[in-house]
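Here are the chains, one letter per residue:
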Amino acid sequence: MQVPSGPKVGSPFALEPFQRLFWDEALELDPDTGRRVYKRAGRIIPRKNGKTSELAAFADYAGGPWDGEQRPTVILSAGSRDQAGELFDQAKAFIDDPAGGSPELRALFVPRLTSITCPSVGGVIRRVAGDGKLNHSLNPHVVVTDELHAWKTKR
């Protein structure tokens, strides 16, 4: 479904300047150690502003070769199982959607029903239920959290 004032389905994904500023800072590396400056980053923006698509694109980035991590595990989470599914479906659509999927991403990723793998680095992108009680032992490289306001527990 396309938002009436939004981009056409299949048009290239592009970040707005404020989004670029956020990601540049959120993913900043310490020049001395080469490690991330921040362990957590968050941004609050109104509904229907492309948050899920933006997070899905980041999940693909983190699960692929660009972050420099070997065998990265990326966990997609949200306040409900359905919203985590939306996030996963968006990440998958960047790869294999007939109208807007990327041939470059299709060459790197293998989308499956419940996971997306990146064989070149051994990466995997998975979704989890929103509660989080049993999700603490997954040892992820990155956790992408959508709709944080809807979480019912601190986990």
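All of the points below concern the structure found in this document.

## What to know about the sheet that holds strand 2 (residues 110–111)
Argument step 1. Spatially, the five strands line up as an open sheet ordered 2-3-4-1-5, and their pairing is mixed. Every interior strand has two partners, whereas the edge strands, strand 2 and strand 5 (142–146), have only one.
Argument step 2. When strand 1 (residues 73–78) meets strand 5, the two strands line up parallel, connected through five bridges. Paired with Ile-75 across the strands is Val-143, a residue of strand 5.
Argument step 3. In this fold helix 2 (residues 51–63) packs onto strand 1, strand 3 (115–118), strand 4 (123–127) and strand 5, with an angle of close to 170 degrees to the strand it touches most, strand 5.

## Structural notes on the pattern of salt bridges
A side chain of one charge can pair with a side chain of the opposite charge if their charged atoms are brought near each other.
Argument step 1. Using the criterion set out here, one finds three salt bridges in the structure.
Argument step 2. Across the salt bridge formed by Arg-36 and Asp-67, the nearest N and O atoms sit 2.3 Å from each other. Taken together, the residues span a long stretch of sequence, with Arg-36 in the loop between helix 1 (17–26) and helix 2 and Asp-67 in the loop between helix 2 and strand 1 at a distance of 31 residues.
Argument step 3. Since its relative accessible area comes to 17%, Asp-67 is described here as buried.
Argument step 4. Residue Arg-43 pairs with Glu-54 through a salt bridge whose shortest N-O separation is 2.6 Å. With Arg-43 in the loop between helix 1 and helix 2 and Glu-54 in helix 2, the pair connects residues that are 11 residues apart, well separated along the chain.
Argument step 5. Assessed through its relative accessible area of 4%, Glu-54 is described here as buried.

Basis of the calculations
Residues numbered from 1 in each chain as written. Predicted model: local features only at pLDDT ≥ 70, side-chain atom pairs only at ≥ 80, totals over all residues. Heavy atoms only, no water. Pairing = 2+ DSSP bridges. Helix = DSSP H or I, 4+ residues; strand = E, 2+ residues; numbered from the N terminus. Contact = heavy atoms within 4.5 Å. Axes fitted to C-alpha atoms, helices over the stretch in contact; angles between N-to-C directions. Salt bridge = Lys/Arg side-chain N within 4 Å of Asp/Glu carboxyl O. Buried < 20%, exposed > 50% of the residue type's maximum accessible area, 1.4 Å probe, protein only.

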